[in-house]
Amino acid sequence: MSGQFTEFHEEMRTVARELLGKSGAAGRVEWPQLVRAGWPGLEVAEEYGGAGAGPAEVGILLEEVGRAVARTAYPSVASAGIGALALLEPNAHRDAVLRETVTGTAIPIAVLGANMVPAAGGETACAGTGGIVPTFRIGQTIEGFEISGNADFVLDARAATTLLIPALAPDGSVRVAVAAPDAQGLRIEDRPVVDETRSLARVAAEGVLLAPEAVLAFRADIGCGPRALYDRAALAVACDSLGVAAAMLDATVEYVRVREQFGRPVGSFQAVKHACADMLVDLTVARRLVADALAAPLDGGPDARRAVAAAKSCAGEAGVRIAGKAVQLHGGIGYTWESGIHRYLKRATLDRALFGSPADHRRELADRYRGESPVPAPSTGE
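Residues numbered from 1 in each chain as written. Predicted model: local features only at pLDDT ≥ 70, side-chain atom pairs only at ≥ 80, totals over all residues. Heavy atoms only, no water.

Student: Looking at this model, I keep getting lost on the environment of Pro32. Mind explaining?
Tutor: Mapped onto the fold, Pro32 is located in helix α2 (residues 31–36). Once the C-alpha coordinates of Pro32 and Thr103 are considered, the two residues, 71 residues apart in sequence, prove to be 9.6 Å apart. (Helix = DSSP H or I, 4+ residues; strand = E, 2+ residues; numbered from the N terminus.)

Student: Teacher, can you tell me more about the packing of helix α7 (residues 270–295) against helix α8 (residues 302–329) here?
Tutor: The relative placement of two packed helices is expressed as an angle between their axes plus a distance between the axes. Across the interface, α7 lies against α8 with an axial gap of 8 Å and an inter-helix angle of 155 degrees. Between α7 and α8, the angle is such that the two are roughly antiparallel. Where α7 crosses over α8, the two elements pack in a sense that is left-handed. The segment α7 lies against α8, with Val272, Ala275, Cys276, Asp278, Met279, Asp282, Leu283, Val285, Ala286, Leu289, Val290 and Ala293 engaging Ala307, Val308, Ala310, Ala311, Cys314, Ala315, Ala318, Arg321, Ile322, Lys325, Ala326 and Leu329. By residue class, the composition of the contact of α7 with α8 is 20 nonpolar, no polar and 4 charged. (Axes fitted to C-alpha atoms, helices over the stretch in contact; angles between N-to-C directions. Parallel < 35°, antiparallel > 145°, perpendicular 65-115°, else oblique. Left-handed = near helix turned anticlockwise from the far one by under 90°. Contact = heavy atoms within 4.5 Å. Nonpolar A, V, L, I, M, F, W, Y, C, P; charged D, E, K, R; others polar.)

Student: Can you help me understand the layout of surface pockets in this one?
Tutor: To locate leftover empty space, one rolls a probe as large as a water molecule over the atoms. Taken as a whole, the largest pocket holds about 510 Å³ of empty space. What lines the largest pocket is a set of 29 residues, and nearest its centre among them are Arg71, Thr72, Ala73, Asp156 and Ser199. Looking at the lining of the largest pocket, the elements with two or more residues in it are α2, α4 (74–87), β1 (108–110) and α6 (225–258). Here the residues of the lining of the largest pocket are counted per class, giving 16 nonpolar, 5 polar and 8 charged. (1 Å grid on protein atoms, 1.4 Å probe; cavity = no way out; pocket = protein on both sides within 12 Å on 5 of 7 lines; lining within 4 Å. Points joined across faces, edges and corners; volume = space filled by probe spheres on them.)

Student: How should the pairing of strand β5 (residues 174–179) be read in this particular structure?
Tutor: By the criterion of burial, β5 is predominantly enclosed, with 5 of the 6 residues buried. For strand β4 (residues 162–168) and β5, the ladder comprises 6 bridges, and the chain directions are antiparallel. Its bridge partner lying in β5, Leu163 is registered against Ala179. The hairpin formed by β4 and β5 contains 5 residues between the paired strands, and Gly172 there has a positive phi angle of roughly 90 degrees. Relative to strand β8 (residues 215–217), β5 runs antiparallel, the two sharing 3 bridges. Of the residues in β8, the one forming a bridge with Arg175 is Ala217. (Buried < 20%, exposed > 50% of the residue type's maximum accessible area, 1.4 Å probe, protein only. Pairing = 2+ DSSP bridges.)

Student: Honestly, the UniProt feature "domain: Acyl-CoA dehydrogenase/oxidase C-terminal" (unreviewed entry) in the protein in this entry has me stumped. Any pointers?
Tutor: Those places that UniProt annotates as "domain: Acyl-CoA dehydrogenase/oxidase C-terminal" (unreviewed entry) correspond, in this numbering, to residues 234–368. Secondary structure content for residues 234–368 is 76% helix and 3% strand, and the end C-alpha separation is 19 Å. (UniProt positions renumbered as here; feature names shortened; annotations may be inferred.)

Student: Would you mind showing me how to read α4 here?
Tutor: Structural remark: α-helix, 3.6 residues per turn; residues separated by three or four positions point the same way. With 14 residues, α4 should cover 20 Å at 1.5 Å per step; its first-to-last C-alpha distance of 18 Å lies within 8% of that length. Within α4, 13 of the 14 residues are buried, which leaves it mostly tucked inside the rest of the structure. (Expected span 1.5 Å × (residues − 1).)

Student: What am I meant to see in the state of the cysteines here?
Tutor: By definition, a disulfide links the sulfur atoms of two cysteine residues through a covalent bond. Applying the stated criterion across every chain, the model contains 0 disulfides. No disulfide involves Cys314; its nearest neighbouring cysteine sulfur is the one of Cys239, lying 13 Å away. (Disulfide = S-S within 2.5 Å.)

Student: Hey, could you run me through empty space enclosed by the protein in this one?
Tutor: In this structure the tally under the stated criterion is 2 cavities of 30 Å³ or more. The calculated volume of the largest cavity comes to roughly 90 Å³. Taken together, Glu43, Pro55, Val58, Gly59, Leu62, Ser79, Arg232, Leu235, Ala236, Cys239, Leu294 and Leu298 make up the lining of the largest cavity. Class assignment of the residues belonging to the lining of the largest cavity gives a composition of 8 nonpolar, 2 polar and 2 charged.

Student: How do you make sense of helix α5 (residues 92–103) when you look at a structure like this?
Tutor: Compared with an ideal rise of 1.5 Å per residue, which puts 12 residues at 16 Å, α5 spans 17 Å between its outermost C-alpha atoms and is within 8% of the ideal. Along α5, the residues that are buried comprise Arg94, Asp95, Val97, Leu98, Thr101 and Val102. The buried residues of α5 occupy one face: seen down the axis, they fall within an arc of 160 degrees. Of the exposed residues in α5, those oriented more than 90 degrees away from the buried face are Ala92 and Thr103. Buried residues along α5 sit against α2, α4, β1, β4 and β8. Capping the start of α5 is the job of one residue whose side-chain oxygen sits 3.1 Å from the backbone nitrogen of His93: Asn91. Trailing α5 by a residue or two, Gly104 shows a phi angle of about 90 degrees, which is positive. (Arc of directions from axis to C-beta. Polar contact = N/O pair within 3.5 Å; in protein donor to acceptor, adjacent residues only side chain to side chain.)

Student: How should I be thinking about the packing of aromatic side chains in this particular structure?
Tutor: For any pair of aromatic rings, geometry is given as the distance between the ring centres together with the angle between the planes. Inspection of every chain in the model, using the stated rule, returns 2 aromatic pairs. Plain terms: the ring middles of Tyr230 and Phe355 are 6.1 Å apart, the flat faces sit at 80 degrees to each other, and that makes the pair edge-to-face. Residue Tyr230 is located in helix α6, and its partner Phe355 is located in the loop between α9 (341–353) and α10 (358–367); the two are separated by 125 residues in the primary sequence. Using a relative accessible area of 1% as the deciding quantity, one classes Tyr230 as buried. (Phe/Tyr/Trp six-rings, centres within 6.5 Å; stacked < 30°, edge-to-face > 60°.)

Student: I tried to follow the pattern of salt bridges on my own but got confused; where do I start?
Tutor: Enumeration according to the criterion identifies 29 salt bridges in this entry. When the shortest N-O distance is used, the salt bridge between Arg13 and Glu64 registers 3.1 Å. Of the two residues, Arg13 is situated in helix α1 (residues 6–21) and Glu64 in helix α3 (residues 55–67); the sequence distance between them amounts to 51 residues. There is no split in this pair, since Arg13 and Glu64 are both buried. In this structure, Asp190 and Arg158 form a salt bridge, with 2.9 Å as the shortest nitrogen-oxygen distance. Placement of the pair is Asp190 in strand β6 (residues 186–191) and Arg158 in the loop between β3 (145–155) and β4, with a sequence separation of 32 residues. One salt-bridge network, in which partners are shared between bridges, spans Arg13, Arg17, Glu63, Glu64, Arg67, Asp250 and Arg287. (Salt bridge = Lys/Arg side-chain N within 4 Å of Asp/Glu carboxyl O.)

See the structure below:
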């Protein structure tokens, strides 16, 4: 948030908070509202009708969606949907979907199982995939291509007008198939989860026929396309966790200022002050790591992987810890349905699990040290 764009970013945050604040108690945000505000085209290149902004600007909107615990497919579209399209080799089919996304007539969703984690040794496993093994397979037919497979816990699959399905080709490369949700042989089955503000589903394909132009390769200048796509999805969830944590900290500080016990505000008690300070520390560290990840080139390379892993593991745990402390510091009312805090705790809990748990991402960070030669101990001169 430092630098020449600070004022612009703060204005974006204010406008986004005002728009999402109109969603009401249900938290549902209609897609046409976001289209009119220009959200779907924020990161799309100007040549396709977008604003040509970067991940930092999109990250602000994703954080505000989490702060409002809003029900919207925007995080999935902005991170993995538009992200997948931007990572692919340009052709007329891909370009048309990008333009339709900006105008609001298309809602592209990448079919990534939110329960997937990188394979062990992601730096070297599954060459070309960065440890992200597609669960779909592409085969050659007389008419074109055929895709089969399934992915579980796909975010916002029901909202999609276009599905972007990463699949393993016969030559071992990963391609992305562009398919309609109502294509013959394609099924979408809802999956119930603890967080009622989210929509997840199982996507299964059995012999879905695709034209040659609907099967696209990742750009040659991308280090590892499948891993870049996974990192974008994981980072979007980290931004959401950040928003949840920030909302809970603000709500808790405001509550302990006005709630009195023994004739004085409970916020004046030392134990409460320490708890709020711990929440602020957790949030500050998570915000710094998320900002670093947003600033990194999300090309699937080792530096991006480590930045995203650090951000996702820290923000995921911070969101749950801060939401849990918010419940405690609100006292008895924090445990009631009317308080609404349970919505934040459930969302934070699901965020922690989506696209790798904190333990999964810490394991990813630890992989960089495996196989490295130990650093020799400094000489004592004896």
